[in-house]
Each structure stands twice: as structure tokens, then as C-alpha cells.
Amino acid sequence: MGRTVTAGTAASAARTATGPAPAPRGFDARRVREDFPILRARVRLPGAPPPLIYLDSAATSQKPQSVIEAMSDYYASYNANIHRGIYRIAEQATAAYEDARARVARFIGAASPRELVFTRNSTEAINLIAYAWARPNLKPGDAIVLTEMEHHSNLVPWHILAAERGVELRFIPVTPGGELELAALPRLLADGRVKLVSFVHISNVLGTVNPVAEIVRLAHGAGALAMVDGSQSVPHCPVDVRALGCDFLAFTGHKMLGPTGIGGLWGRAELLEAMPPFLGGGEMIREVKLSGSQWNDLPWKFEAGTMPIAEAVGLRAAVDYLERLGMDAVFAHDRELVEYALERLPEVPELTLLGPPAARRGGVVAFTLGTLHPHDVATVLDSDGICVRAGHHCAMPLHEKLGVPATARASFHCYSLREDVDALVEGLHKARKVFA
Amino acid sequence: MSTDAWNEIYRENILDHYKHPRHRGTLEHPDITYEDANPLCGDHLRMDLKVKDGKVEEVAFSGHGCSISQASASMLCERIAGRPLEEIRALTRDDVLEMLGIELGPVRLKCALLALKTLKAGVYGITQWPGEEGS
């Protein structure tokens, strides 16, 4: 990469490094895999660790070469702080950062890049709403509706708020089959005290795809706003905030082939405009006097301090990559794998699947294996290079509801193969033998 | 982790204690009883002790968890049964790892140490993880 690189060419240069974009209808996970350095080794060499069979994409996805290169290119060629310097590379860096925002905003269907605030991750995005929207707008006696299948990131910020402000939390129940009991929602909304319904689009444990538009419609009908936790949906399926009709959307970069340390909060402009800042510091102000400050415009009002610039550039490359694959194709691939997994896993004796049928879930499968602790299962699988998550997946209330202390979870992305599922099934047979 | 990690981690002695736990159960009228959990794993452990003349007369553990947590509880009970109560205070993280005969990453380490943590909390009110006392 030469020194004359500009923000615009950084991504396109990275693109040539990964070869031409695959044909939209020719989705081939095996070819996709070639773009992911960590997944390239396919043969088990003596004395070396086994090749990775990565089945933990719901925790974090792997990164394609184009993302890694876009970030290292930023550091190698135009590293500078943004929105400040008037020299060439500072302007390049600023352009790359704002270009990333525009690109990611378009990816989620935002009306304008102004509506996209970069955050560290979904957790920070939800906390931003809890602090900067909920605190000024909610009073004691108001209520927030969540669901029993939330990740801790969409529970704990509201616990803090509830304790501090006397706000009541209500929960849409989860059925034994792992789906939301939507019939309960009108009742939860009936007294008109609910100001916000905040819920996960796709469950990180069960894979359940929740009916977002329907929940949003009910929330709005009761005068409440709707926030969607898109941590597991934005990385895996087409998400268009205007089609969903929601008011806020939280998502994180590292689950969508991008780097850690960057995520996003999308909000309707008029709502974000009316909110006070979340964190105070540099960049989020227009004018500072010793006696006080004037806030900057959207979205910078919410971006205090130096932001993760390389990460924004990396996230942009990830979005470019995902769009070249096509989000419909990515989701179809997830569904195909999950269908295959739901068909094959029951071959393992004593295995219990959690969650809905394949038709209503994304690429996530949680299960238990007899009386074996998921940690033991995961450790045996690890000896063959198979990476699964074991534990409560930051959703303790959901596990309590389902009556299991912990589960093992396999999850997929665009680089996952049917052979990965085969290896998992074989590894589970082996785990049973070890502890028989 | 080495290619045969499960051979390493699930050494025969660990599997033996997991499949045939010693001192498993509860005691009637224990002098000391304490329960603790490792919320990260969902491991849950209870230790019951009967003490006579400053010695552990009887000890039993109950609860549920992974093989490492269950085996280390079983081994620990075997180790302290009949021994002076004072010896429990001196037991360390390294003693547990030596009993298990393996090295563990940070997550599984907590599984291994839950029994000792529970025991020390019950006997001495020491509630930190073994190896992190005073930190």
C-alpha cells in the first residue's frame, strides 16, 4: 500500500486483496473461508494444534483479510486524529471515519448518517439510551418492557435505572419452546405507563427470530418507544431500521466480521436531537467556556473523546464484505446450517435441543448433553479444535426460565460448513465416551 | 491446549473421582456447613463438616458442576478427612492443582478451586478465591 492512499481507496485496495466479489447467487462458504486467515489451515499436522472448527460466531465472528488489511493500512498509511488536524493525513483519517459512518448507516437503512452514533458495542449503545434518553424522560411509576430472553446487556442497564428512578420492569415471557409469548404484550402495555419496549431481535442462546415489526407496532400503539438489540441480527440478516419501524437499534461490530471496540447506536434523528449527551469531553461540544458548554451537532454530540478510528475503518470493510456476499445469502446459509444441525444433533443420545424449529431461528443452536456439564463437553470438543461456547451465554434469567444451569452452544456465520456440524456431532459422541 | 488436551485434563484420577466421588452427600447436624456457587459455570457446591478435638471428623460435599469441580471436591474431602482443621487454612491453589495433576486456564481454574473456596469460607470466613487472598 503506497503513501498516496486516500480514505476512499483504502477499502477498494483491500477489496482487490480478497479477489473479486462472489456472484450473488453463487454463495460458496468454502470460497468465503479462503478470505479468513484464521480458518485457512485445513490439515492436522503432527504436533500442531488441530485446524479450527469455529462454531462460536455468536460470541464473536472471525475477520476476513480485507478487514485486517483496512485497519493495518490505516495505521501504516494515514494514522491521525480525526476532526482536528488540517494536514493531509488528518483529513484522510477524518474522511475515512465519516465515510465508515455513512457506509454503516446505509447498511442498516438509516435515513441519514447523522442518525448513527459509533459506540464501543451494543452494551454501550443500550447504556447510552438508558442514561441519555431514559433518565431525563422517565419518572417513578413509569415502566419498561423487556423480555425473558434478553442478554445481560439489555437487562442490567435497566436494573440500574429501575433501582435509581423507581421505574418498573416488565417482561414478555418465554414459552418452553423458546419463543416470546406475544399474547402477553398487550396486557403488559395496557395501563399506559410503559415508555419503552426494549428487546432482542435474534436470541443469542436460542436463535429465536422475534417478530420485530409486530412488537414495535404494539409498543407504538401504547405510546411507548421501541429499541431493538440487533447484536445477532445485524451481522446475519438484512436489517432495515425504517422497515422495522423501531426508534433505536443497538449493534456491535465484532460479531459482523469487524473488529472489537466499535458498535453502533441508530436512533431517529428527532429523538437523538432532544437527548442530552451521554459522556462529556472533547469533540462532543461546539463551544466550551469555563462556565459551561454548548453541545455539538448529531452524531458527534454522543462521541466524546478520540473515537476508535481504525475500528471504524475495519467495520466499514466488514460491511463492504458482507454486502458483497449479500445479507440474504448470509442468512440463507445460516438457516441451511441450522436446519442441518437440528437434523443431525438428535443422533447423539441424551442430547436435548433448546429453542424453536429451524424455520423461526437464526444460526444458533444451544443444547445439553445428558448430565454432562457443558464445560466438560466444550473441553473434549476443544481437543479436536472445535470451538463452542459453554455456560449461560450472558443470559442467566433465560437459563433459569428454561430450567438448565448452563448449555453448550454452536453458532454459525458465512464461513461455517456442514462439515463443521459433522465434526461437532462426532465430537459429542466422543465426549459421551470419555465420561461414560 | 495440546492436541490431546482431554487426555491431559481428564486424567484417569479426575475421571475416577468424577465417576466415583468420595464423601459425596450431606451430613446430619454438621458443625460447619457452607454453600457457594460459581455463577459463570452454574457450578454449585455445599460442604458439610463435623469437627471433633480440632480435627475433621467427617466431611461431605454435594451440589452439581463440571467434572473438574466435582473431582476436586472429592479429592479435597479425601485430603482433609481426619486431619486437623488448622491444615485447611494452609491449603493453597497449588495444592489443589497438584491433587488434580493438571494445569488449567483461568476459567477452568475457578472450577477446580470452588471446593477449596467453599471450604475456607465455611471454616474461616475467607471468601476470596484461593490464590487471590488479600488482593
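Residues numbered from 1 in each chain as written. Chains lettered and ligands numbered in written order. Predicted model: local features only at pLDDT ≥ 70, side-chain atom pairs only at ≥ 80, totals over all residues.

Caption draft 1: The arrangement of the overall build of chain A in detail. When you go through chain A residue by residue, the secondary structure sums to 15 helices and 15 strands. Whereas a compact globule of 436 residues would reach a radius of gyration of roughly 22 Å, chain A reaches 22 Å, a difference of no more than 12%. For chain A, the spread of C-alpha atoms along the three principal axes comes to 70 × 65 × 35 Å. Sorting the 436 residues of chain A into buried and exposed places 52% on the buried side. At a minimum sequence separation of 6, the contacts of chain A that also span at least 24 residues come to 71%. (Helix = DSSP H or I, 4+ residues; strand = E, 2+ residues; numbered from the N terminus. Rg over C-alpha atoms; globule rule 2.2 N^0.38 Å. Buried ≥ 20, exposed ≤ 12 C-beta atoms within 10 Å, placed from the backbone. Contact = placed C-beta atoms within 7 Å.)

Caption draft 2: Fine view of the overall build of chain B. Helix and strand content of chain B: 6 helices and 3 strands. When the helices and strands of chain B are placed in sequence order, the string is α-α-β-β-β-α-α-α-α. The globule rule puts the C-alpha radius of gyration for 135 residues at 14 Å, and the 14 Å found for chain B is close to it. Across its three principal axes, chain B shows a C-alpha extent of roughly 50 × 35 × 25 Å. The burial tally for chain B puts 39% of its 135 residues in the buried class. Residue pairs at least 24 apart in sequence account for 62% of intrachain contacts in chain B once pairs closer than 6 positions are excluded.

Caption draft 3: Region of interest: unusual backbone geometry. Residues and elements named next belong to chain A. Cis geometry is found at the peptide bond from leucine 298 to proline 299, where omega equals -5°. With respect to the secondary-structure elements, proline 299 resides in the loop between strand 10 (292–295) and helix 11 (309–325). The backbone of cysteine 394 shows a phi angle near 55°, a positive value even though the residue is not glycine. On the secondary structure map, cysteine 394 appears in the loop between strand 14 (389–391) and helix 14 (396–402).

Caption draft 4: Broad picture of the interface of chain B and chain A. Contact residues are listed per partner, giving 15 residues for chain B and 15 residues for chain A. Among the secondary structure elements, those contributing two or more residues to the side of chain B that touches chain A are helix 1 (5–9) and helix 6 (106–124) of chain B. Sorting elements by how many residues they give to the side of chain B that touches chain A places helix 1 of chain B first, with 3 residues. Partitioned by chemical class, the residues of the side of chain B that touches chain A number 9 nonpolar, 4 polar and 2 charged. (Nonpolar A, V, L, I, M, F, W, Y, C, P; charged D, E, K, R; others polar.)

Caption draft 5: Region of interest: helix 6 (residues 156–165) of chain A. All names here are of chain A. Every buried residue belonging to helix 6 is among Pro157, Trp158 and Leu161, and all of these are buried. Each buried residue of helix 6 sits inside an arc of 90° when the element is viewed along its axis, so together they form one side. Buried residues along helix 6 sit against helix 5 (122–137), strand 3 (143–147) and strand 4 (168–172). In the stretch just after helix 6, glycine 166 is the one whose phi turns positive, near 65°. (Arc of directions from axis to C-beta.)

Caption draft 6: Quick look at the nonpolar core. Residues and elements named next belong to chain A. By size, the foremost hydrophobic cluster in this structure holds 162 residues, and its most contacted members are Ile108, Ala226, Cys246, Val313 and Val377. Broken down by element, this core gets its largest block of residues, 11 residues, from helix 11. A domain split of this core shows at least three residues from each of domain 1 (88–322) and domain 2 (327–435). Setting aside anything within four residues of it in sequence, one finds isoleucine 108 in contact with Val234, Val239, Asp240, Val241, Leu249 and Trp266. (Core = buried A, V, L, I, M, F, W, Y, C linked by C-beta atoms within 7 Å. Domains from an automatic or database assignment.)

Caption draft 7: Just the packing of helix 3 (residues 67–80) of chain B against helix 5 (residues 93–100) of chain B, in detail. All names here are of chain B. Their axes nearest at 10 Å, the elements helix 3 and helix 5 cross at an angle of 105°. By the angle class used here, helix 3 and helix 5 are roughly perpendicular. Contacts between helix 3 and helix 5 involve Ala71, Ser72, Met75, Leu76 and Arg79 on the former and, on the latter, Val96, Met99 and Leu100. Of the residues assigned to the contact of helix 3 with helix 5, the class counts are 6 nonpolar, 1 polar and 1 charged. (Axes fitted to C-alpha atoms, helices over the stretch in contact; angles between N-to-C directions. Parallel < 35°, antiparallel > 145°, perpendicular 65-115°, else oblique.)

Caption draft 8: Structural view of the packing of helix 13 (residues 374–382) of chain A against helix 15 (residues 418–435) of chain A. Residues and elements named next belong to chain A. Axis separation between helix 13 and helix 15 bottoms out at 9 Å; the angle between their running directions is 115°. Relative to helix 15, helix 13 is oriented so that their crossing is right-handed. Together, Asp376, Val377, Val380 and Leu381 of helix 13 and Gly427, Leu428, Lys430, Ala431, Val434 and Phe435 of helix 15 make up the contact between the two elements. (Left-handed = near helix turned anticlockwise from the far one by under 90°.)

Caption draft 9: Structural detail: the domain arrangement of chain A. Residues and elements named next belong to chain A. For chain A, the assigned domains are domain 1 (88–322) and domain 2 (327–435). For domain 1 versus domain 2, the distance between C-alpha centres works out to 28 Å. At the junction of the two partners, domain 1 supplies 22 residues and domain 2 supplies 24 residues. Of the residues that constitute the side of domain 1 that touches domain 2, the class distribution is 10 nonpolar, 9 polar and 3 charged.

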